[in-house]
Amino acid sequence: MPQKILAGRATDPQLRGDLVQVKVDQVILSRAPSRALAEAIATGMKKTPVEVAVAYDGTCVADASSLADVDEGSPHSVSPEFPTYNIPIARPGIGFPAPVHLERFAAPARLALTDDPRLATVGGIGMLSLVVSPSQLGQALATGSAWLRPPRSVQIHLSGRVRPFVCARDVALELLRRNLDEVVRRIEGEHHAPVILEFAGPSARLLSVGDRAVLCGIAPQVGAAAALFVSDEKTEVFLRDQRRSKAHRALVPDPGAPCEEVVSIDLGTVDPLLMDEEGVVRPVRDLAGKPVAQVVLGGDSGVTLRDMLAAALLLKSKRVPSRLDLLVAPPSRQVLEVLAQSGALVDLVATGARIVEPDRRVVTSEIYPPPPGGLSLRTADPEPRIAGAPSFVVASAETLAYAVATGAVGDPRSFKRPVRVTVPRALPTDDVLILRDKKGEQVSTKKPPPAPPAVPWKGPLTLDVLAGVPKGNGRTAVGARGRKAPAPAEAAPPAAAAADEKAQAAPAEGKAAGGGVALVLSTLDEVRAVAERATDLSSVRAVVAPFVPSTAVSAFASEGIATFLVGAEALGSIKEQKSVELPAPAQWGDRVAAVFGSERVEVAWLATGMERSWTHAGTVRQPPSATKPARS
């Protein structure tokens, strides 16, 4: 199915070559909207030609820091001038980007580019969503096209029916428990191409679009580029309920279409599961009886409208235990309105729940973090698990409801009987919080900040070596503007601390000075964390790891960051070195001779085709006269 979507939009329908140019239908801006807009303007954009482009402003809890970010033109802010470029703004309070886009904008058989891995959930409606860098998004906004690697597919064959008190979140955790990440990693290593999960089988067509979205949300955690369901009658009904029937297109795989591997799962064998604080998927009974201090119901993934209604019914007439904090973060404004109209919101408030705004920092734990020394249960997918990051337990909405009812972890099947949930068909669809450009109305006279200058690779370079992800989130936390992120309990060695500071330094102190930092990463989560923060780590010039997904390689290349593959056995000695010497770019080939300290190590350069020229140039940006849109 992903090949069908790309082939219909590519200049080469056969998808031959390392990269192919494809027409883009939608651009979704969430993590660094202003940076993407600056890149597009630098390319010569007046109005974006893409079918749908939306900028999500996820800062609901406004403070002096967030207001200053907008005033200073922070890359992560959303300024009022977006609608003048034909890019509507989804204003604060509309909900988290992933569920809102699924409801209001996502369309089957289309291609979307985004900077937010959490948008993988829109694959539940049959839309292919790929994560790229802000500079690539700028090119897509300006030209309507992008260069992408042709993908490979892994089929997830679903059969059987889920039992009572087993949700789509439990099925997603079961897939993680079956080491799907190892399958993706092996196929990536063989083909050097993005891997996309395709859900198929008789049970795939029985799932609601919401449940399908929950399953698609696991794609980033296993290193896959995206996930995709068929577009069928269920999809058509979903769009009709959203009053968007015209957006429907059928999408099914061709008979006998090849895939690299098939992973089968019988839904009837899935039990209530959870992902513990270490990232290990276990049966709920393994933690049964453990006291819970915080429950966060909702967020941007892992929960559907049906799950929210079921949790409210299970908790009706219950009371929150004295030592437990229940936070409800409705995924979207639509879900909030349905909960209010059905009376479920009143039931949750009567239970003792606090309703929190859909701020992006809720799912990253920057606000409402897990309490120290207490167990936090949540439905949303975690951020990449790295040292020092907040940790919590991920479980289904019904498992969370049992924890609220009893004050401890337990199997939701201990409830007397399952609840009967009726999801209303008449849904509120008023886009009052979507800000669009109106003819004759001047939205803003303020010009967006310019795109950062490209810093090319010109000759041999010596980089400081830093093992792991630089500390801090690369962005200002609530109420902490101008202060450094808190250090972990163990003090970092002086050399590591210096390299860590340099990794987040301004370009004038890092890249432009001819030096910089090489990050040596051990896990997929570390690679994901760096890829999501690449725009903040301005001095990072190279990434060395035993596995880097193809989408991350392309994103790094577009930011001028070289990506190298090294064997896991060599990581230990490389991490202990203080610097690495890289030869001049003219001497780079498929393999590069790098000198870590006094040790010479052959590393594989993962960039391919045009990605190599992007790396050397330090940007994917082209002058306005050189940009040409793809064939329609």
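> Explain empty space enclosed by the protein residue by residue, including any values.
Across all of its chains, the model carries 6 cavities of 30 Å³ or more by this definition. Every residue lining the largest cavity is counted, 17 residues in all, and those nearest its centre are L130, L148, R149, P194 and T551. Counting only elements with at least two residues in the lining of the largest cavity, the list comes to β6 (128-131), β7 (145-148) and α17 (550-558). Residue contributions to the lining of the largest cavity peak at 3 residues, all from α17.

> Explain the pattern of salt bridges to me, using residue names and the numbers behind them.
All chains considered together, the criterion is met by 38 salt bridges. Measuring nitrogen to oxygen at the nearest pair gives 2.5 Å for the salt bridge that ties R9 to D25. With R9 in the loop between α1 (2-7) and β1 (20-23) and D25 in the loop between β1 and β2 (26-29), this pair connects stretches of sequence that are 16 residues apart. Each member of the pair, R9 as well as D25, carries the same accessibility label: buried. With a shortest N-O distance of 3.3 Å, D12 and R16 are connected by a salt bridge. A single salt-bridge network, built from bridges that share partners, covers R31, D116, R118, D300, E383 and E532.

> Let's hear about the side chain of D300: which residues, and what values?
Position of D300 relative to the elements: it lies in the loop between β14 (294-298) and α10 (305-314). At a separation of 3.0 Å, a polar atom in the side chain of D300 contacts the side chain of R118. At a separation of 3.4 Å, a polar atom in the side chain of D300 contacts the side chain of S301. Beyond its immediate sequence surroundings of up to four residues, D300 is in contact with F96, A98, P99, R118, V363 and A380.

Definitions and limits used
- Residues numbered from 1 in each chain as written.
- Predicted model: local features only at pLDDT ≥ 70, side-chain atom pairs only at ≥ 80, totals over all residues.
- Heavy atoms only, no water.
- 1 Å grid on protein atoms, 1.4 Å probe; cavity = no way out; pocket = protein on both sides within 12 Å on 5 of 7 lines; lining within 4 Å.
- Points joined across faces, edges and corners; volume = space filled by probe spheres on them.
- Helix = DSSP H or I, 4+ residues; strand = E, 2+ residues; numbered from the N terminus.
- Salt bridge = Lys/Arg side-chain N within 4 Å of Asp/Glu carboxyl O.
- Buried < 20%, exposed > 50% of the residue type's maximum accessible area, 1.4 Å probe, protein only.
- Polar contact = N/O pair within 3.5 Å; in protein donor to acceptor, adjacent residues only side chain to side chain.
- Contact = heavy atoms within 4.5 Å.

Any functional reading would require information beyond the geometric quantities listed.
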